[in-house]
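# Examining the three-dimensional arrangement
Now for the letters of each chain:
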Amino acid sequence: MTDQNEAEPPAEPSAAPYVASETATTVDAGAPAPDQPRGRQPLTGNAIIQAVTEGHSVVITILAVFVALLVGAVLIVASDPVVLRAWDSFGYAPGTAFSATWDSVSAAYSALFEGAIFSPATISAAFHGGSVAAIFYPLSLTAFEATPLILTGLSVAVCFRAGMFNIGAAGQWVGGALVATWLGYAVNLPIVLHAVVCIIGAFVGGALIGWIVGEIKARTGAHEVILTIMLNYVMYNFLAFLLSSRGLLQAPGQTNAVAPNIKANAFLPHVGGPPPQVGVGFLIALAAAGATSWLLSRSTTGFEFRAVGASPSAARSAGISVERVWVLAFLIAGGLAGLSASTIVLGQTAPLTTNSYGTYGFDGITVALLGRARPLGVVLAGLLFGALNAGGTVMEAATGVPSDVTNVIEALIVLLVAAPPLIRALFRLRGTGGAGPQAVASKGWSG
């Protein structure tokens, strides 16, 4: 093979099988691609019916959300003592039981919707002298919650496309948070420039941690899953050490593990008003998604990622440096996780602590799986999870239903989307042989 294979796909699929498009099925070396793109189909009634009956990936996702909401409704009923007492009298008052069930579930999901999308009451109030900005407050909360999930989801998705499983977004998040925090309080710069420097520093900090994983894998062949899991714990404890050591990262005069407050010039401005409404961090997440989409689908580097993700041996035969792709993929993935940290560290007034990293890194895995490792899908999945997180808090405050119900719904959505045969069996859909997210996941483990 000559070097020109790096610039354009080989003529024969058997020479270097790769993921040809966002909808193509990953194939094994030497086998023709069974599901090559066939052009954009016209959106007709028959096409829609066929997509539904055959279980198109979008239909599978919608049905998975529907089933998860049904299970969530069962949990809502089981946690409501009023409804449970009504069902005790089902034998002589069935109407009361059904009515109580409907009232409980509809009230909970109405509060979930109003807390995540919009509330009809705020719209009505806006027409009678109320605040128009209040209409968009729930959406801003959803965007705020979705911002770090989108970026960590992109971090995981980049490695998925290169055939690797990045479980280290949490550790990479910590790396970015440490650099952003130090630059935020220790450096004096003008407004805007200070925030830009902190954002770049967060990307570099996360990229450094990702580069370590990629370099070790490239040089020794160690599995990235083990490396990233272990490095997560290294970064957790490194963060705790720095925040507990005077003269390092601990705030002066503090005995708790907490960093100094960053300077006001380093804060990311809030587009929708005061925190926790949506800020510039959300725009950074959207820009990162656009850049990642271009990288994976329009650039030579993206072609190399897809080629290595489909078959490392075939990519190596085509003249692609597999080891270089591994290092570069983890470097970019770590940088994206670092950007996620910057939106939290620079986007809210609370200083960095040992609990700041939360579950952003591991939630990024579920977001990437639900989004099928595509940037647009990751954005939509992040918004869905952001809506559930934002609405769950309002639902608990308004109805008393535990917000943990939304965590169960999120987990079920990912589980069902990752198992299309289960959805097809439940709704009696015909199989299509298309690749679901389980194909992406399986390729991730093959690195």
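Residues numbered from 1 in each chain as written. Predicted model: local features only at pLDDT ≥ 70, side-chain atom pairs only at ≥ 80, totals over all residues. Heavy atoms only, no water.

## Remarks on the overall build of the protein chain
Where we set the bar: Here a helix means four or more residues in a row that DSSP labels H or I, a strand means two or more in a row labelled E, and each is numbered from the N terminus. Throughout, exposure labels follow a simple rule: accessible area from a 1.4 Å probe, protein chains only, divided by the maximum for the residue type, with under 20% read as buried, over 50% as exposed, and the rest as partly exposed. We call two residues contacting when some pair of their heavy atoms lies within 4.5 Å. Per-residue and other accessible areas follow the Shrake-Rupley method at a 1.4 Å probe size, with only the shown protein chains counted as cover for residues.
For the protein chain, the helix and strand inventory stands at 18 helices and 0 strands. In the protein chain, which comprises 447 residues, the proportion classed as buried is 48%. When contacts within the protein chain are restricted to residue pairs at least 6 apart in sequence, those whose partners lie at least 24 apart make up 71%. Only carbon and sulfur atoms are counted for the fraction: they give 66% of the accessible area of the protein chain, which is about 20500 Å².

## Here we look at the pattern of salt bridges
Applied cut-off: Here, a salt bridge means any Lys or Arg side-chain nitrogen found within 4 Å of an Asp or Glu carboxyl oxygen.
Enumeration over the complete set of coordinates arrives at 4 salt bridges. A salt bridge links K217 to E224; the shortest N-O distance between them is 2.9 Å. In terms of burial, K217 and E224 fall into one category: buried. R316 serves as the salt-bridge partner of E323, at 3.0 Å between the closest nitrogen and oxygen. Here R316 falls in the partly exposed class, since its relative accessible area comes to 40%.

## Remarks on helix α16 (residues 404-417)
Put simply, the rule reads: In this analysis, the expected span of each helix is defined as 1.5 Å times one less than the number of residues it contains.
Spanning 14 residues, α16 covers 20 Å between terminal C-alpha atoms, matching the ideal 20 Å at 1.5 Å per step. Of the positions making up α16, those classed as buried are V405, T406, I409, E410, I413, V414, L416 and V417.

## Here we look at the packing of aromatic side chains
Heads up, the condition is: When the centres of two rings from Phe, Tyr and Trp lie within 6.5 Å, Trp using its six-membered ring, the rings pair. Their planes under 30 degrees apart give stacked, over 60 give edge-to-face, and anything left gives tilted.
Per the stated rule, a full pass over the model turns up 6 aromatic pairs. With a centroid separation of 5.0 Å and 55° between ring planes, the pair formed by F160 and F165 is classed as tilted. Here the two residues F160 and F165 agree in accessibility, since each one is buried. Centroid distance Y233 to Y236: 6.0 Å. Interplanar angle 80°. Geometry classified as edge-to-face. Of this pair, Y233 and Y236 both sit in helix α9 (residues 224-243), 3 residues apart, which is roughly one turn of the helix. Residue Y236 is classed as buried on the basis of its relative accessible area of 16%. Of the aromatic side chains, those joined through ring pairs into one cluster are Y233, Y236 and Y357.

## Here's the deal with unusual backbone geometry
Notably, V192 is not glycine yet its phi reads approximately 75°, a positive angle. Here V192 is to be found in the loop between α7 (169-186) and α8 (193-220). The class of V192 is exposed, set by a relative accessible area of 57%. Phi is positive for A373, which is not a glycine, with a value near 60°. By the element assignment, A373 lies in the loop between α14 (360-370) and α15 (375-399).

## Describing the side chain of T343
Its location among the elements puts T343 in helix α13 (residues 322-345). T343 has contacts with T147, P148, L151, L268 and G281, leaving out every residue within four places of it along the chain.

## Focus: the packing of helix α6 (residues 137-161) against α14
Selection rule: Orientation is described by lines fitted to C-alpha atoms, with helices fitted over the stretch in contact, and by angles between N-to-C directions that extend from 0 to 180 degrees. With the far helix as reference, a near helix turned anticlockwise by less than a right angle produces a left-handed crossing, and one turned clockwise produces a right-handed crossing. Lys, Arg, Asp and Glu make up the charged group, whereas Ala, Val, Leu, Ile, Met, Phe, Trp, Tyr, Cys and Pro make up the nonpolar group; the residues left over, Gly among them, are polar.
Their axes nearest at 7 Å, the elements α6 and α14 cross at an angle of 65°. Seen from above, α6 lies across α14 with right-handed handedness. In this structure, α6 contributes P148, L149, T152, G153, V156, A157 and F160 to the contact, and α14 contributes Y360, G361, D363, G364, I365, V367, A368 and L369. Class assignment for the residues of the contact of α6 with α14 results in 10 nonpolar, 4 polar and 1 charged.

## A look at the confidence of the model for the protein chain
The condition is simple: Scored from 0 to 100, pLDDT records how confident the predictor is in each individual residue.
Of the residues in the protein chain, 82% reach a pLDDT of 70 or more, and the chain-wide mean stands at 81. Mean pLDDT across the elements of the protein chain ranges from a minimum in helix α18 (residues 437-445), with 41, to a maximum in α8, with 94. Below pLDDT 50 for its whole length, residues 433-447 participates in 33 contacts with residues either more than four positions away or in separate chains.

## Some thoughts on the environment of A162
Take A162: it is sitting in the loop between α6 and α7. Here the alpha-carbon distance between A162 and F305, two residues 143 residues apart in the chain, equals 4.5 Å. In contact with A162, not counting residues within four places along its chain, are F305, V308, G309, V325 and A329.

## Describing the packing of helix α2 (residues 57-78) against helix α4 (residues 94-116)
One way to put it is that α2 packs onto α4 with a least axis distance of 9 Å and a crossing angle of 115°. Taken as a pair, α2 and α4 cross one another with a handedness that is right-handed. In this structure, α2 uses L69, G72, A73, I76 and V77 to contact α4, whose residues at the interface are T101, S104, V105, A108 and Y109. Grouping the constituent residues of the contact of α2 with α4 by class yields 7 nonpolar, 3 polar and no charged.

## Observations regarding the side chain of T152
Counted only if it meets this: Polar contacts, as counted here, are pairs of nitrogen or oxygen atoms within 3.5 Å of one another; within protein the pair requires one atom able to donate a hydrogen and one able to accept it, and residues that are adjacent in sequence qualify only if both atoms are side-chain atoms.
Tracing the sequence through the fold places T152 in helix α6. Judged by its relative accessible area of 0%, T152 falls in the buried class. Only 3.3 Å separates the side chain of T152 from the backbone oxygen of L149, close enough to count as a polar contact. When near neighbours in sequence (up to four residues on either side) are disregarded, T152 contacts W173, S340, Y360, G361 and G364.

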